[in-house]
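Structural overview for review
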Amino acid sequence: DVPLIFKGALSFVPLLAGQASGLFVLWKKKDKVSWCEGGSVLWTAGIAATLTLIYNIFDLSINWTGIFLLVSLSVLPVIVLLRSVAPTVVYYATAIAWGFINVQEYDNYSALYVCVVLIAVGCVFTSYLVKAEKKSHRSIASQWISVIAVTVFMLLVGMGLSDNLAFGLVGLMAVAICLYVL
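1. Overview of the overall build of the chain
Of the regular secondary structure elements, the chain holds eight helices and zero strands. Each helix (α) and strand (β) of the chain, taken in turn from the N terminus, gives the series α-α-α-α-α-α-α-α. Here the contacts in the chain between residues at least 6 apart in sequence split such that 65% fall between residues at least 24 apart.

Pasting the structure below:
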């Protein structure tokens, strides 16, 4: 049997490897898109793996869906620092999954409002990236990922809820996505 302190120390190895790759890219290869995307994928995987390992090793008393929210929020600095597109998929997927599971499993409707804020933050960063990089391949991919994420969220809310809250949220998000694309 492996001691708990050793398991805890080993659980941080993926995070440290991801951060090392991110720092290497920031210092040496910041201008190379492929290096930025690759480093961000490794860093994102390290964040997700470390949070999941810590949750499982130490048997934390938080709801398991909280890991989705923690991963989503922890990925934001990676997206901003490396100006990468790949982690935005993880960001949106974990935020939407967290919100939808909280509504369906736990009847926590306030999670939808948090989810809308998280999606709005992602769209604001995408708008910044589109303006800063003047319609580069990365900015266009990031914009389409945001549009797809908002559409998926609207569909899930529309299918999962049948009251006025769903109608209001879907209507608000539909107007927002139309303005965002223009």
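2. Here we look at the packing of helix α3 (residues 33-58) against helix α4 (residues 66-82)
Put simply, α3 and α4 touch, their axes get as near as 10 Å, and they point 155° apart. Taken together, the axis directions place α3 and α4 in an arrangement best described as roughly antiparallel. Two packed elements cross with a definite hand, and for α3 against α4 that hand is right-handed. Together, Cys 36, Gly 39, Ser 40, Trp 43, Thr 44, Ile 47, Ala 48, Leu 51, Thr 52 and Tyr 55 of α3 and Ile 67, Leu 70, Val 71, Ser 74, Val 75, Val 78, Leu 81 and Leu 82 of α4 make up the contact between the two elements. For the contact of α3 with α4, the class distribution of residues is 13 nonpolar, five polar and no charged.

3. Regarding the side chain of Thr 65
Along the polypeptide, Thr 65 turns up in the loop between α3 and α4. Taking relative accessible area as the criterion, Thr 65 reaches 1% and is therefore assigned buried. Leaving out residues up to four positions away in the same chain, Thr 65 has contacts with Trp 98, Ile 101, Asn 102 and Tyr 106.

4. Things to note about the nonpolar core
One finds Tyr 91, Tyr 92, Ile 96, Ile 119, Val 150, Phe 153 and Met 173 to be the most contacted residues of the largest nonpolar core, which totals 28 residues. The set of elements that each furnish at least two residues to this core consists of α4, α5 (86-106), α6 (110-133), α7 (137-160) and α8 (164-181). Core analysis: the second largest hydrophobic core is formed by seven residues, Val 25, Cys 36, Trp 43 and Val 78 among them.

5. Comments concerning the packing of aromatic side chains
What the rule picks out here adds up to four aromatic pairs. Note on Phe 125 and Tyr 128: the rings are 6.2 Å apart at their centroids and 40° apart in plane angle, and the pair reads as tilted. Here Phe 125 and its partner Tyr 128 are both found in helix α6, three residues apart, which amounts to about one turn of the helix.

6. What to know about unusual backbone geometry
Its identity as a non-glycine residue notwithstanding, Asp 59 has a phi of 50°, on the positive side. For Asp 59, a relative accessible area of 66% corresponds to the exposed category.

7. Side note on the pattern of salt bridges
For the structure shown, the criterion picks out two salt bridges. Here Glu 133 and Arg 83 are joined by a salt bridge, their closest N and O atoms 3.3 Å apart. A residue pair is termed long-range when its members are at least 10 positions apart, and Glu 133 in helix α6 and Arg 83 in the loop between α4 and α5 qualify at 50 residues. Note on Glu 133: relative accessible area 18%, which makes it buried. Relative accessible area serves as the criterion here: at 28%, Arg 83 is assigned to the partly exposed category. Of the charged contacts, one joins Arg 138 and Glu 133 as a salt bridge, the two residues approaching to 2.9 Å between their closest N and O atoms. Taken together, the shared-partner salt bridges in this structure form one network comprising Arg 83, Glu 133 and Arg 138.

8. Remarks on the confidence of the model for the chain
Chain-level pLDDT for the chain is 86 on average; 89% of the residues reach the 70-or-more range. Ranking the helices and strands of the chain by mean pLDDT puts helix α2 (residues 13-28) first, with 95, and α8 last, with 66.

9. Describing the packing of α4 against α5
It is at 8 Å that the axes of α4 and α5 come closest, and there the two elements cross at 155°. The angle between α4 and α5 falls in the class roughly antiparallel. Crossing handedness for the pair α4 and α5: left-handed. On the side of α4, the interface is formed by Gly 66, Phe 68, Leu 69, Val 71, Ser 72, Val 75, Leu 76, Val 78 and Ile 79, while α5 contributes Pro 87, Thr 88, Val 90, Tyr 91, Thr 94, Ala 95, Ala 97, Trp 98 and Ile 101.

Definitions and cut-offs
- Residues numbered from 1 in each chain as written.
- Predicted model: local features only at pLDDT ≥ 70, side-chain atom pairs only at ≥ 80, totals over all residues.
- Heavy atoms only, no water.
- Helix = DSSP H or I, 4+ residues; strand = E, 2+ residues; numbered from the N terminus.
- Contact = heavy atoms within 4.5 Å.
- Axes fitted to C-alpha atoms, helices over the stretch in contact; angles between N-to-C directions.
- Parallel < 35°, antiparallel > 145°, perpendicular 65-115°, else oblique.
- Left-handed = near helix turned anticlockwise from the far one by under 90°.
- Nonpolar A, V, L, I, M, F, W, Y, C, P; charged D, E, K, R; others polar.
- Buried < 20%, exposed > 50% of the residue type's maximum accessible area, 1.4 Å probe, protein only.
- Core = buried A, V, L, I, M, F, W, Y, C linked by side-chain atoms within 4.5 Å.
- Phe/Tyr/Trp six-rings, centres within 6.5 Å; stacked < 30°, edge-to-face > 60°.
- Salt bridge = Lys/Arg side-chain N within 4 Å of Asp/Glu carboxyl O.
- pLDDT = per-residue confidence, 0-100.

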